[in-house]
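Working through the structure, step by step
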Amino acid sequence: QHADGVPVGAYADVTTAAKDSADGTWYVHVQAVDRAGNESSVTTISVLLDNTVPAITGLVDDAVPTKSKTWSWGSSREVITYRHVIDQDPGGVPTGAYNDVTTATQADGDGTYYLHVQAKDDAGNESGVVTVHAVLDNTAPLVTGLSDDPGPLQNKTWTWTATDADSVITYR
């Protein structure tokens, strides 16, 4: 991992070198010699190895019912592309091409919607799928228990309830 390194040791009939499973800038220093003892100058090349999976940031579950949901995400790394899908399957997996889109909106519907996002860096490292959810509720509560009373009364107390996918209902 040193740019100014030089080959040491005996010459051998080796024409390949490999390095994997490590991050950082790595150097290969090569020097050749012929049978007469003539040595070439040292040739040095480098490669930046990146085996770190990108992390997706900014996504959290949202269990409070809402009419629509917009998610935004990113990464602390610079050159990242993403693919995503919104569905009602908690085990969904995005497919298709990666792109630079970092927001998605579910504009309507009822029930739990899942956003599944996967990231890929410029070295080809793919993240696992990150899944978050939001609860959408676009159906009005149904008020029940009220009816007209025939005839005049001296007093009346009304009671009612409402049914809805949302367990928290208030009245006016």
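Remember, predicted model here, so these are calculated numbers, not experimental data.

Time to look at the overall build of the protein chain. The helix and strand tally for the protein chain stands at 0 helices and 10 strands. Sequence-ordered secondary structure for the protein chain, helices as α and strands as β, is β-β-β-β-β-β-β-β-β-β. For 172 residues, the compact-globule estimate of 2.2 N^0.38 gives 16 Å, and the protein chain exceeds it by more than 25% at 32 Å. When the 172 residues of the protein chain are sorted by exposure, 22% land in the buried category. Sequence separation of at least 24 residues holds for 55% of the intrachain contacts in the protein chain that already meet a minimum separation of 6. Of the roughly 12100 Å² of accessible surface on the protein chain, a fraction of 51% belongs to carbon and sulfur atoms.

Next up on the list: the packing of aromatic side chains. Applying the stated rule across the entire model yields 2 aromatic pairs. Centre to centre, the rings of Trp 160 and Tyr 171 are 6.3 Å apart; their planes meet at 75 degrees, and the pair counts as edge-to-face. Of this pair, Trp 160 sits in the loop between strand 9 (142-144) and strand 10 (161-163) while Tyr 171 sits in the segment after strand 10, and the two are 11 residues apart along the sequence. Given the relative accessible area of 42%, Tyr 171 is considered partly exposed.

Once that is clear, we can look at the pattern of salt bridges. Once their charged atoms are close, side chains differing in charge can pair, the charge on each being opposite to the other. Counted according to the given criterion, the structure contains 5 salt bridges. Arg 77 is the salt-bridge partner of Asp 121, the closest N and O atoms lying 3.0 Å from each other. One end of the pair, Asp 121, is in strand 7 (residues 111-121); the other, Arg 77, is in the loop between strand 4 (69-72) and strand 5 (80-87), with 44 residues separating them in the sequence. Its relative accessible area of 25% is what places Arg 77 among the partly exposed residues.

Strand order in the open sheet formed by 4 strands is 3-8-7-5, with mixed pairing between adjacent strands. With partners counted over all chains shown, the strands left at the sheet margins are strand 3 (62-66) and strand 5, one partner each. For this sheet, the mean angle separating the axes of adjacent strands, direction not counted, is 25 degrees. Bridging between strand 7 and strand 8 (residues 130-136) involves 7 bridges; their strand directions are antiparallel. Directly across from Val 117, in strand 8, lies its bridge partner Val 130.

So, about the side chain of Gln 106. Position of Gln 106 relative to the elements: it lies in strand 6 (residues 103-106). From its side chain, Gln 106 meets the backbone oxygen of Asp 108 in a polar contact 2.8 Å long. In this structure, Gln 106 is in contact with Ser 68, Lys 69, Trp 71, Ile 86, Tyr 113 and Leu 136, ignoring residues within four places of it in sequence.

Considering the arrangement of structural elements, one finds Asp 87 in strand 5. Residues Asp 87 and Ala 55, 32 residues apart in the sequence, show an inter-C-alpha distance of 22 Å. If sequence neighbours within four positions are ignored, Asp 87 has contacts with Gly 92, Thr 112, Tyr 113, Tyr 114 and His 116. A distance of 3.0 Å separates the side chain of Asp 87 from the backbone nitrogen of Asp 89, its partner in a polar contact.

Grouped together as the largest cluster of nonpolar side chains are 14 residues, with contacts concentrated most on Ile 56, Leu 59, Trp 71, Trp 73, Tyr 82, Leu 115 and Val 117. Within the residue set of this core, elements represented by two or more residues are strand 5, strand 7 and strand 8. In terms of residue count, the dominant contributor to this core is strand 7 (4 residues). Non-local contacts of Leu 59, meaning those with residues more than four positions away in its chain, are made with Trp 71, Ser 72, Trp 73, Leu 115, Val 117, Val 130 and Val 132.

Mapped onto the fold, Ser 127 is located in the loop between strand 7 and strand 8. You can call Ser 127 buried: its relative accessible area is 6%. Residues contacting Ser 127, with those up to four places away along its chain left out, are Val 53, Pro 54, Ile 56, Gln 118 and Ala 119.

Definitions and cut-offs
- Residues numbered from 1 in each chain as written.
- Predicted model: local features only at pLDDT ≥ 70, side-chain atom pairs only at ≥ 80, totals over all residues.
- Heavy atoms only, no water.
- Helix = DSSP H or I, 4+ residues; strand = E, 2+ residues; numbered from the N terminus.
- Rg over C-alpha atoms; globule rule 2.2 N^0.38 Å.
- Buried < 20%, exposed > 50% of the residue type's maximum accessible area, 1.4 Å probe, protein only.
- Contact = heavy atoms within 4.5 Å.
- Areas by Shrake-Rupley, 256 points an atom, 1.4 Å probe, with all protein chains shown as cover.
- Phe/Tyr/Trp six-rings, centres within 6.5 Å; stacked < 30°, edge-to-face > 60°.
- Salt bridge = Lys/Arg side-chain N within 4 Å of Asp/Glu carboxyl O.
- Pairing = 2+ DSSP bridges.
- Axes fitted to C-alpha atoms, helices over the stretch in contact; angles between N-to-C directions.
- Polar contact = N/O pair within 3.5 Å; in protein donor to acceptor, adjacent residues only side chain to side chain.
- Core = buried A, V, L, I, M, F, W, Y, C linked by side-chain atoms within 4.5 Å.

By themselves, these observations are geometric and do not establish any function.
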